[in-house]
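# Overview (structure and organization)
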Amino acid sequence: LALASVAGYLLLTEIIIAGERQIADGQRRLEKGRPALEEGKAKLGAGKRALSEGKKDYEQAKDNPFMISADKLLKGGKGFKEARERIAEGEKQVAAGEDKVNVGESRLEAGELELRRGREQLGLAKDARVACALGAAFFASLSIVLGICWRRSLARMFTHAERSGTSVTK
């Protein structure tokens, strides 16, 4: 049991070292992910503002009969058509940006949860390693004590057999 406890201690030490590396790597990835998410949110906010301003300008131009007439005369109505297409494209880009930000937030939350779980498991592994070390010490001590007692009983058996003149090997 002492040897099994030592083996468990060594195995848990290797697992703990690997776990600490994984946690450090996960922490670094989280630290990189947070600013990237904030940058994505800032870009999304800027895109929403630009889209809102574009829609506002389009609505103002659409309400101006002079602008409508000028577009029809000079561009054949293509200016308003292009503006509608650009607004539709902007809405698609904003929607895609919102999706990416949402995915990024959920990945960041999942990473934080996984990191928390990993830390908890690492704590349990460290506790188990301490238990293995204590078990190894206890069983080694017990083996020594039992070995001494067993040796004394063998010595008594041989000395008793010599006094009585009988052989122990029979």
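For the structure itself, consult the block above.
Going along each chain's sequence as written, the residues are numbered from 1 onward. With the structure being a predicted model, the display of local features is reserved for residues of pLDDT at least 70 and the display and counting of side-chain atom pairs for 80 or more, all residues being used for whole-chain, interface and lining totals. Computation of side-chain values: all heavy atoms of the structure, hydrogens and water removed.

## Section: the overall build of the protein
By the criteria applied, helices consist of DSSP H or I runs no shorter than four residues and strands consist of E runs no shorter than two, each listed in order from the N terminus. Looking only at helices and strands, the protein features three helices and zero strands. Reading the secondary structure of the protein in the N-to-C direction produces α-α-α. Relative to its full complement of 170 residues, the protein shows a buried share of 18%. What makes two residues a contact is simply this: any of their non-hydrogen atoms within 4.5 Å. Contacts in the protein between residues at least 24 apart in sequence constitute 80% of all its contacts with a sequence separation of at least 6. Here the Shrake-Rupley method, with its probe set to 1.4 Å, supplies the accessible areas, and only the displayed protein chains count as covering residues. Surface summary for the protein: the accessible area is close to 13,100 Å², and the carbon and sulfur share equals 59%. Here's how the labels work: a residue is buried when its accessible area is under 20% of the maximum for its type, exposed when over 50%, partly exposed in between, all with a 1.4 Å probe on protein chains only.

## Focus: a nonpolar patch on the surface
On the surface, Val6, Tyr9 and Leu10 cluster together into a nonpolar patch covering about 250 Å² of accessible area. Looking at where valine 6 falls in the secondary structure, it is placed in helix H1 (residues 2-63). For valine 6, a relative accessible area of 38% translates into the label partly exposed. For patches, a residue must show more than 30% relative accessible area and have no salt bridge; joins then use 9 Å for like charges and 5 Å for nonpolar side chains, namely Val, Leu, Ile, Met, Phe, Trp and Tyr. Salt bridge criterion: a side-chain nitrogen from Lys or Arg within 4 Å of a carboxyl oxygen from Asp or Glu.

## Overview of the side chain of serine 5
As for its placement among the helices and strands, serine 5 is situated in helix H1. Excluding residues within four positions of it along the chain, serine 5 makes contact with Cys132, Gly135, Ala136 and Phe139.

## Quick look at the pattern of salt bridges
Close approach of charged atoms allows side chains with opposite charge to pair. A complete count under the given rule lists eight salt bridges for this structure. As a salt-bridge pair, arginine 28 and aspartate 25 come within 3.8 Å of each other at their nearest N and O atoms. Taken as a pair, arginine 28 and aspartate 25 lie in helix H1 at a separation of three residues, close to a single helical turn. Look at aspartate 25 and you get partly exposed, because its relative accessible area is 33%. The closest approach of N and O atoms between glutamate 105 and lysine 41, which form a salt bridge, is 3.0 Å. Here lysine 41 lies in helix H1 and glutamate 105 lies in helix H3 (residues 78-164), a separation of 64 residues in the sequence. When its relative accessible area of 26% is taken as the criterion, glutamate 105 is described as partly exposed. With relative accessibility at 32%, the residue lysine 41 sits in the partly exposed group. Here the salt bridges share partners, and the residues they tie into one network are Glu31, Arg34 and Glu112.

## Things to note about helix H2 (residues 65-75)
One full turn of an α-helix is made of 3.6 residues, so residues set three or four places apart face in the same direction. Little of H2 is tucked away: one of the eleven residues are buried. Directly after H2, the chain includes glycine 76, whose backbone phi takes a positive value near 70°.

## Observations concerning the environment of alanine 24
In this structure, alanine 24 sits in helix H1. Between the C-alpha atom of alanine 24 and that of leucine 115, which follows or precedes it by 91 residues, the distance is 9.3 Å.

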